[in-house]
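# Survey of secondary and tertiary structure
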Amino acid sequence: MMVVADVVVVGWLLVAGSFADEPVSAGRLAAFAQRHGLVVTPTNGNQVIRYLATTRRWRVAGLSVGFLASVAWALPQQRVYVNFLTAFAGWFAGALVAEARLAHLERGPRRAASLVPRRVDSYRSRVVSALLPASIGVSLVLAVTSLVVGTSRAAALIWFAAALAVLCGESIVERRVLHRPQPLAPPDQLAADDAIRSRSLHVLAAAGTTLVLYCVLGQLAALRPALAGDAGQLVEAAAILGVFVAPVIGLVAASARPRIPLRTA
Amino acid sequence: MIVEVDPASPVPPYEQVRHQLATMIGTRVLPAGTQLPTIRQLAADLGLAANTVARAYRELEAEGLVVSRVRHGTTVAGRPAGLPRAEVRRRLTEAADAYAAVVRQLGVSADEAHAALDRGLSQS
């Protein structure tokens, strides 16, 4: 068993390591530019490449930690097992760290700034922004239901606490993304900076929502034994369906049409 | 709409920010109701301490040029808020006297002067 685990871990580290260090391809840069309607120039091209490389490195690192933690957790039970939720939670943590560590535009000799306020709504649609709070709302309803029904209260509350932790982490990093300094720079660099913020905010909301929805699925699983008849079957069906729906919602939110703030001279 | 700070200037940074914003508000480059960036955003973008920008905003608020509300941020005031009605009348009279003096100096008719004033008001 240990040999299989060693092979899985070493194999994963080799694949993840080579993927994380791989240079950002021209296709990936072009896809980013197309999504955001960005005209790539020599200066802002490097800016976007740095963003793509940094986020990929940290997300892969987070995913690896989640993957290895999941394998290590299952080893005492004499099995090699990868928990998708743990791995994804690691990826999300890596994404948060990447956003927090991302370098801002360099200040030139002039200390100047635009007077246009940066708001989440300027970069991301309200529908995408509402997904995470709505998911937390569902989680809250299920936590209260579990308390009322009186079954698996501890499990339901732990899942709810995990969902709240995701919301807190997302909110803190979201504010950091918005308040990352944006000194006055040439228009192409400002456009790239706005595109990067928009992408970051979409990824954070989408990944956060998916993670919270998986917490909701955990709550549903905890609630299931207390429900009999149609209600139980309904919860079971929702839990099964949710496994597929949650990532789809995340993908749709992540690929939603980005917004770029209006700039006036 | 850009605000700029010269670190080498003898004028303190908060005064530079305050003066530029006051000028933009006075000349209606920043019209009434315009939302200003948060203190944290402007401070980060200019590489200043948050207290520096906060002081500039406080002074603008004391002058009645901006209004700060919790959760709504700072917006440009609708008109010289806080100025007593008598003060508004006094300033208006002063400006009218100055305009009348220019009209007399130029030797234009009252009708022309009224028309120029109407044009000026309609543009603002």
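Calculation rules
Residues numbered from 1 in each chain as written. Chains lettered and ligands numbered in written order. Predicted model: local features only at pLDDT ≥ 70, side-chain atom pairs only at ≥ 80, totals over all residues. Heavy atoms only, no water. Helix = DSSP H or I, 4+ residues; strand = E, 2+ residues; numbered from the N terminus. Rg over C-alpha atoms; globule rule 2.2 N^0.38 Å. Buried < 20%, exposed > 50% of the residue type's maximum accessible area, 1.4 Å probe, protein only. 1 Å grid on protein atoms, 1.4 Å probe; cavity = no way out; pocket = protein on both sides within 12 Å on 5 of 7 lines; lining within 4 Å. Points joined across faces, edges and corners; volume = space filled by probe spheres on them. Nonpolar A, V, L, I, M, F, W, Y, C, P; charged D, E, K, R; others polar. Expected span 1.5 Å × (residues − 1). Pairing = 2+ DSSP bridges. Salt bridge = Lys/Arg side-chain N within 4 Å of Asp/Glu carboxyl O. Contact = heavy atoms within 4.5 Å. Core = buried A, V, L, I, M, F, W, Y, C linked by side-chain atoms within 4.5 Å. Axes fitted to C-alpha atoms, helices over the stretch in contact; angles between N-to-C directions. Parallel < 35°, antiparallel > 145°, perpendicular 65-115°, else oblique. Left-handed = near helix turned anticlockwise from the far one by under 90°.

Across its full length, chain B holds 5 helices and 3 strands. From first element to last, N terminus to C terminus, chain B shows the α and β order β-α-α-α-β-β-α-α. Scaling as 2.2 N^0.38, a compact globule of 124 residues should have a C-alpha radius of gyration of about 14 Å, whereas chain B reaches 18 Å, well beyond that. Each of the 124 residues in chain B was classed as buried or not, and the buried ones make up 29%.

Of the pockets and cavities examined, the largest pocket occupies roughly 1,000 Å³. Contributing to the lining of the largest pocket are 36 residues, with Arg175(A), His179(A), Thr38(B), Arg71(B) and Gly73(B) lying nearest its centre. Residue assignment for the lining of the largest pocket shows that the elements contributing at least two residues are helix H5 (120-123), helix H6 (126-149) and helix H7 (153-179) of chain A together with helix H2 (39-46), helix H3 (50-62), strand S2 (66-69) and strand S3 (73-76) of chain B. Looking at the lining of the largest pocket, the element that brings in the most residues is H7(A), giving 7 residues. Within the lining of the largest pocket, the residues separate by chemical class into 14 nonpolar, 9 polar and 13 charged.

So, about helix H5 (residues 110-123) of chain B. In this model, H5(B) (14 residues) spans 20 Å end to end at C-alpha, consistent with the 20 Å of a helix rising 1.5 Å per residue. Across the 14 residues that make up H5(B), only a small minority, 1, are buried.

A separate point is the pairing of S2(B). All names here are of chain B. Relative to S3, S2 runs antiparallel, the two sharing 4 bridges. The residue of S3 that forms the bridge with Ser68 is Thr74. Where S2 folds back on S3, the antiparallel hairpin that results is connected by 3 residues, among which Arg71 adopts a positive phi of roughly 70°.

A word on the pattern of salt bridges. This model, assessed by the stated rule, comprises 11 salt bridges over all chains. Close ionic contact of Arg197(A) with Asp193(A) constitutes a salt bridge, the shortest N to O distance being 2.8 Å. Of this pair, Arg197(A) and Asp193(A) both sit in helix H8 (residues 187-223), 4 residues apart, which is roughly one turn of that helix. Here Arg197(A) matches Asp193(A) in class, with each residue buried. Between Arg18(B) and Glu15(B) there is a salt bridge, with the nearest N and O atoms lying 2.9 Å from each other. You can see Arg18(B) and its partner Glu15(B) sitting in helix H1 (residues 13-26), 3 residues apart, about one turn around the helix. One salt-bridge network, held together by shared partners, links Arg59(A), Glu99(A) and Arg180(A).

Another aspect to go through is H7(A). In this model H7(A) runs 39 Å from its N-terminal to its C-terminal C-alpha over 27 residues, within 8% of the 39 Å that 1.5 Å per residue would give. Within the sequence span of H7(A), burial applies to Ala156(A), Phe160(A), Ala163(A), Val166(A), Gly169(A), Glu170(A), Val173(A), Glu174(A), Val177(A), Leu178(A) and His179(A). Buried residues along H7(A) sit in contact with helix H4 (84-101), H5, H6 and H8 of chain A together with H2 of chain B.

Let's shift gears to the nonpolar core. Grouped together as the largest cluster of nonpolar side chains are 23 residues, with contacts concentrated most on Leu115(A), Val17(B), Leu21(B), Leu30(B), Leu36(B), Leu42(B) and Leu46(B). Elements that contribute at least two residues to this core include exactly strand S1 (2-5), H1, H2 and H3 of chain B. Top contributing element to this core by residue count: H1(B), with 5 residues. When near neighbours in sequence (up to four residues on either side) are disregarded, Leu36(B) contacts Pro117(A), Leu21(B), Leu30(B), Tyr57(B), Val66(B), Thr74(B) and Val76(B). Counting residues in each nonpolar core, the second largest holds 18 residues, with Phe92(A), Val120(A), Tyr123(A) and Val212(A) among its members.

The next subject is the packing of H6(A) against H8(A). All names here are of chain A. At a minimum axis distance of 9 Å, the contact between H6 and H8 shows a crossing angle of 15°. The orientation of H6 relative to H8 falls into the category roughly parallel. Crossing of H6 against H8: the hand is left-handed. Contact with H6, carried on its side by Val128, Leu131, Leu132, Ser135, Ile136, Val138, Ser139, Leu142, Ala143, Thr145 and Ser146, involves His202, Ala205, Gly208, Thr209, Val212, Leu213, Val216, Gln219, Leu220 and Leu223 of H8 and no other residues of that element. A breakdown of the residues in the contact of H6 with H8 according to their chemical character gives 13 nonpolar, 8 polar and no charged.

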